[in-house]
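# Secondary and tertiary structure notes
Chain by chain, the residues run as shown.
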Amino acid sequence: MPRAVRRDVAKWSVDLANLLRFKRIAHFLAMLVFCAPVWSTPVRGAVDGLAQAPDATAAREWGRLLDSAQKYVDGSDYTEDVSAGMLRRLTVLRAEAVEAKTAAVKQAEDTQRLIDALGPAPAKDAPPESAEIAAKRREYAKALAAHKARIAQAEVADTRAKTLQAAISSQRRVVLVDRLQRRQPLPIHPDVIVEATRDLARVAELLARSPLDWYGGLSEEQRERPDPYQTVFVLILIGVAAGGWVLRRRILARFGHDPADETPPYSRRLLAAIAEGVARGLVPAALVAGGYFWLISPGELLSGLFADLVGSLLGALFFLTLVAAMSRAVLAPDLPAWRLTGLSPDAAGLINRRLAVLASVLAADIAFQAATSRIDLGSELISLSRLIFTSLEAFGVVALGQAKLWRGGLEDEGSVGGAREERRGLLFWTLTRRVALVVALVGVAAAALGFTELGTYLLHSLLFSGVGIGGLWLLRGLMQELVNVLMDSALDQSHLNVRLKTLRRIDFWLRAALDPLLAVVGMLLVAPLWGVPRDDLMLWAGHVLTGFSVGSLTISLVDILLAGVTFMGLLVLVRMIQRRLQDSILPATRLDPSTQTSLTAGLGYIGFVIAAVSGISVAGIDLTNLALVAGALSVGIGFGLQNIVNNFISGLILLVERPIRVGDWVVVGESEGVVRRINIRATELETWERAAVVIPNADILSSKVMNWTLKDKLGRLDVKVGVAYGSDLGKVREILLACANLHPHVMADPPPSVYFQNFGDNSLDFELRCFTDDVTSRVRHASDLRFEIDRRFREEHIEIPFPQRTVHVFPPAAAASSF
């Protein structure tokens, strides 16, 4: 996305969100746009060419914003909303400054090229140049100085904004620490308890009188003539409630738990849990939210302290509805077969009940704080109420953290699989449970000592973190099941034309990327609960993702990630095209299989180069500089990668010259077999024993290779046979020729021939020579000929002799006389 567009969208998102009073959403949108990557160097270059350097108005706006931020940093009136808004505005300023600097640098480079085109200025003692050239030189020099001034101006603005962002973030952390260190009276002191009781009675009286105060504040017209829009809204809300009830019943009937099914698979249980959570939780919660906006929104029916009271009760009901629905959906205490976890029925029931109690306490705590936000409670009541709620919440955490409840595992053996992952999950949940117990106890201790803010902060952060982690755990199970469904689908394999091996590899990488991705999402959800503002997280993410400098080198993780995705995506596309050619298109042509393989391999090499160049371009690497670096490293590459480069070039020569082809029967040194694959570095042979022999391509080119099937599959068969002395040699010759001519794979042209080779020691030696149309089966054809020759010799009573030796035995006396 071009920087100019990102800058404008960032401004619009901030303005729109401030208008709607959703500041956190505005910051997220602004940072999301700010962190959006640029797609490639050519696109950036085109945008830079169109971008304009900042004018005086923009510079003045920058100065006013930076001065205002500096004044805010130097002051002492810090608020969270003002700090967050200032950080967002500084983020937009930095985006504008980077855009302005990029445009000014481009213009400065263009101007410098114009000055270089004019040539060097004449020396003092040289003849002066023409007035027109001198005027152009002065004009370009002035423009170059202006561009450099704009570059410096943008750099100064970016540096100041970055420094102010760091200062505001640091001050926010200081304010948080000061707030957590603030101490209230000891809640267990008798005087504090007495005073807190009086304050509680006063607060209860104010809350009880709030409906009357609200009604008394209405005008006579408001009492007698209700707003017609309110009536219409009530009717709409009733209609939505009726529709939501019908939708709830249909969702439960179609996708919910089915008690009749006692052995549902994990995918069905997961779908049922989602359906139960949506139907029993989100639908009623949406109705409660509609009632809240009708009653409590600014300018609506209720106002004042009564609005706070009703709003807090509706908020508590909203929270309880969601927690109760999700707890029952996941644990299914009444339907063990539909439970997503490996917990026992008793443990699931206990956990469900204790979760309900803990959620009730937390809802009461939040409702009390919201309802009394306009009332001065007094330090004593604040201290005592914080201790009570903190202790109850910590007790709930301890009750839920008992090891015996979770014995049996949080992972269903059918959902994840694998003993190693089971052990890893058990270790994670054990560590999480122990950390939660320690934090809960520390929170209670802090509240008991008067550090009410610290105790509330620890317990609320812990509980809401647990809700977030639990939601991510459910999302993890859903994503894993989606991956299973996608990878196990034979339809996807047939339509995408992807091999099963490739699908398994994709499955592995999807699963490998799932947990880190959820960990990042979890960090973005949980970190703000523990005092790390989301603005700071997005700011740090912007620094890391959009680029950070190491010396003179700028590293952008977004560009690197996009480069990797581009490279892998193009590579997968090339592999799919190769497979399509190999399986569907090329077999329909008249090309021989070896030519088809060479074309497919050549396409793979070209696609790899295109994918690599595209990835480098998307990463923002200048190919000119890359060529210079490659030239500087050429000597080292020549020595260190000599063998690899030699084999690569040899592989290309094999594909072009084709001395061997896929499917050829070759003999290379001591290895003999059929060529199965010609890769970039080596060639793979398959021997007759079905063993794979990998031979470097360079060795094939540098050694003698015997290729039985280079031009065609014609080959000669040599069958040697010996007959006894005294046999009819003419008959022998006729039989041998007849056997050859009758064989279906022996060629008539050239015709078979028989040669009387030698008078052997035990036989008359003949050799039958004939040509076959399939030399790859020469062993089988020769065997067939030998079987037939033996049969015909037996029929014609021609003897095939075996080696004979004559042994003469002399008497001992004769033997002695012979010596």
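### A few points about the pattern of salt bridges
What the rule picks out here adds up to 27 salt bridges. Here Arg-386 ties to Asp-365 by a salt bridge, and the two come within 2.4 Å at their closest N and O atoms. Here Arg-386, found in helix α13 (residues 379-400), pairs with Asp-365, found in helix α12 (residues 345-371); they are 21 residues apart in sequence, far enough to count as distant. Classification of Arg-386 as buried rests on a relative accessible area of 7%. Here Asp-365 falls in the buried class, since its relative accessible area comes to 0%. The partner of Arg-690 in a salt bridge is Glu-686, and the shortest N-O contact between them spans 2.8 Å. Since its relative accessible area comes to 65%, Arg-690 is described here as exposed. Since its relative accessible area comes to 19%, Glu-686 is described here as buried. Three or more residues are tied together by salt bridges with common partners; here these are Glu-788, Arg-791, Arg-792 and Glu-795.

### A short note on the packing of aromatic side chains
All chains considered together, the criterion is met by 10 aromatic pairs. Ring geometry for Tyr-457 against Trp-530: centres 6.3 Å apart, planes inclined by 85 degrees, an arrangement best described as edge-to-face. Note that Tyr-457 is positioned in helix α16 (residues 452-487) and Trp-530 in the loop between α18 (500-526) and α19 (534-546), a separation of 73 residues in sequence. Relative accessible area serves as the criterion here: at 15%, Tyr-457 is assigned to the buried category. In this structure an aromatic cluster arises from ring pairing among Trp-214, Tyr-215 and Phe-306. One Lys or Arg, Arg-248, reaches over the ring of Trp-245 and ends 4.8 Å from the middle of that ring. A cation sits over an aromatic face here: Arg-769 above Tyr-755, 5.0 Å from the ring centre.

### Remarks on the sheet that holds strand β3 (residues 665-668)
The strand order across the open sheet formed by 5 strands is β6-β5-β4-β3-β7, and the pairing between neighbours is antiparallel. Only two strands of the sheet have a single partner each, and these edge strands are β6 (692-696) and β7 (705-707). Strand-to-strand twist in this sheet, taken as the mean axis angle between neighbours without regard to direction, amounts to 40 degrees. Taken together, the 3 bridges between β3 and β7 define a ladder with antiparallel strand orientation. Across the sheet, residue Val-668 finds its bridge partner in β7, namely Val-705.

### Re a nonpolar patch on the surface
Taken together, the side chains of Phe-648, Ile-649, Ile-653, Ile-680 and Leu-701 present a nonpolar region at the surface, about 370 Å² in accessible area. With 3 residues, helix α24 (residues 642-657) is the largest single contributor of residues to the nonpolar patch. By the secondary structure assignment, Ile-653 is in helix α24. By relative accessible area, Ile-653 is classed as partly exposed at 32%.

### Remarks on the confidence of the model for the chain
Per-chain confidence: the chain averages 78 in pLDDT, with 80% of residues scoring 70 or above. Per-element confidence in the chain ranges from a low mean pLDDT of 34 for helix α3 (residues 41-50) to a high of 93 for strand β10 (residues 764-772). This model gives residues 1-53 a pLDDT under 50, and the stretch forms 88 contacts once residues within four places in sequence are excluded. Here residues 409-418 is modelled with pLDDT under 50, and outside its nearest four sequence neighbours on either side it reaches 20 contacts, counting other chains as well.

### Looking at the packing of helix α5 (residues 80-118) against helix α6 (residues 131-180)
Remark: α5 packs on α6, axes separated minimally by 7 Å, with the N-to-C direction vectors making an angle of 160 degrees. Between α5 and α6, the crossing angle belongs to the class labelled roughly antiparallel. Crossing geometry of α5 relative to α6 is assigned as left-handed. For the contact of α5 with α6, the residue count by class is 25 nonpolar, 8 polar and 10 charged.

### Thoughts on the environment of Gln-757
Mapped onto the fold, Gln-757 is located in strand β9 (residues 753-759). Spatially, the C-alpha atoms of Gln-757 and Lys-720 are 9.4 Å apart, while their sequence positions differ by 37 residues. Apart from the residues within four sequence positions on either side, Gln-757 is in contact with Lys-720, Asp-765, Phe-766, Glu-767 and Arg-769. Here Glu-767 takes part through its side chain, which lies 2.5 Å from a polar atom of the side chain of Gln-757.

### A short note on the nonpolar core
Among the nonpolar cores identified, the biggest contains 27 residues, and Phe-319, Ile-351, Val-397, Ala-440 and Leu-462 are the most heavily contacted of them. Listed by contribution, the elements that provide at least two residues to this core are α6, α11 (304-331), α12, α13, α15 (419-448) and α16. The element that contributes the greatest number of residues to this core is α12, accounting for 8 residues. The contacts of Phe-319, once residues within four sequence positions are left out, are Ala-359, Leu-362, Ala-363 and Phe-464. Counting residues in hydrophobic clusters, the runner-up holds 24 residues, among them Ala-196, Leu-207, Phe-306 and Val-310.

About the thresholds
Residues numbered from 1 in each chain as written. Predicted model: local features only at pLDDT ≥ 70, side-chain atom pairs only at ≥ 80, totals over all residues. Heavy atoms only, no water. Salt bridge = Lys/Arg side-chain N within 4 Å of Asp/Glu carboxyl O. Helix = DSSP H or I, 4+ residues; strand = E, 2+ residues; numbered from the N terminus. Buried < 20%, exposed > 50% of the residue type's maximum accessible area, 1.4 Å probe, protein only. Phe/Tyr/Trp six-rings, centres within 6.5 Å; stacked < 30°, edge-to-face > 60°. Lys NZ or Arg CZ within 6 Å of the ring centre and 35° of its normal. Pairing = 2+ DSSP bridges. Axes fitted to C-alpha atoms, helices over the stretch in contact; angles between N-to-C directions. Patch = residues over 30% accessible without salt bridge, like charges linked within 9 Å, V, L, I, M, F, W, Y side chains within 5 Å. Areas by Shrake-Rupley, 256 points an atom, 1.4 Å probe, with all protein chains shown as cover. pLDDT = per-residue confidence, 0-100. Contact = heavy atoms within 4.5 Å. Parallel < 35°, antiparallel > 145°, perpendicular 65-115°, else oblique. Left-handed = near helix turned anticlockwise from the far one by under 90°. Nonpolar A, V, L, I, M, F, W, Y, C, P; charged D, E, K, R; others polar. Polar contact = N/O pair within 3.5 Å; in protein donor to acceptor, adjacent residues only side chain to side chain. Core = buried A, V, L, I, M, F, W, Y, C linked by side-chain atoms within 4.5 Å.

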